[in-house]
Amino acid sequence: MIVLHISDEPVSRREKIGHRRLIDVRKKQKERIALEIISQYRGELLDEPLFVQYDFYLKIPEAIPKYRKTLMELGHERPIKRPDCSNLIKLIEDVMTGIIYVDDCLIVSGQFHKYWSHHPHSTITIKALSEV
C-alpha cells in the first residue's frame, strides 16, 4: 500500500479561460505535485491492476457564517462546488504516470471523496487490486 500526501490545495487539470477555452493547469503546479510525489515514493513502477482512493480537502471559504464553518469542519457539510472530483483525479493520475505506475489505465477500481478543511491538501492511497 502506498499513501501519498500532497500539501497543495486540490486543483483540477483544466482551467477555464474566457467563454469557451480550456487550458491545462500551469506547468509549475504539475511539477510541484510531481516533486512531492517523487519525494514520498522511490519504489518500482507498478504494473498490475490497482485500486486508488482519492481524498481531497478543499479550503473552507472565508465569507460564510461561523456555524456553517463548524458544520464543514465536522464533515456534516461537504463541497458541492467546482472543481469536480473527476477533474481533480485526472490531474493526479496524469502526474503519477511514470512515477508510481506505468500507465493510468492500470487503475481498475477506486473511491473519491471531497471534504472541507482549513488546511487544503490531498491524500492518495494506492493498493494492488489483490490487496483489496
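In case you missed it, the structure is sitting above this.
Residues numbered from 1 in each chain as written. Predicted model: local features only at pLDDT ≥ 70, side-chain atom pairs only at ≥ 80, totals over all residues. Heavy atoms only, no water.

### Re the overall build of the protein chain
- A count of helices and strands for the protein chain gives three helices and six strands.
- The 132 residues of the protein chain split such that 40% are buried.
- In the protein chain, the proportion of contacts linking residues at least 24 apart, taken out of those at least 6 apart, comes to 83%. (Helix = DSSP H or I, 4+ residues; strand = E, 2+ residues; numbered from the N terminus. Buried < 20%, exposed > 50% of the residue type's maximum accessible area, 1.4 Å probe, protein only. Contact = heavy atoms within 4.5 Å.)

### Comments concerning the nonpolar core
- Formed by 26 residues in total, the largest nonpolar core has its most connected members in Leu4, Ile37, Met96, Ile100, Ile124 and Ile126.
- Among all residues touching isoleucine 126, those that are not within four sequence positions of it are Met1, Ile2, Leu4, Leu46, Leu50, Phe51, Val52, Met96 and Ile100.
- Of all hydrophobic cores here, the second largest spans five residues; its members include Leu58, Ile64, Met72 and Trp116. (Core = buried A, V, L, I, M, F, W, Y, C linked by side-chain atoms within 4.5 Å.)

### Some words on the pairing of strand S4 (residues 50-59)
- Taking burial as the measure, the 10 residues of S4 include seven buried ones, the bulk of the element.
- Relative to strand S5 (residues 107-117), S4 runs parallel, the two being bridged by 10 bridges. Paired with glutamine 53 across the strands is glutamine 111, a residue of S5.
- For S4 and strand S6 (residues 121-128), the ladder comprises eight bridges, and the chain directions are antiparallel. The residue bridging glutamine 53 from the neighbouring strand is threonine 125, located in S6. (Pairing = 2+ DSSP bridges.)

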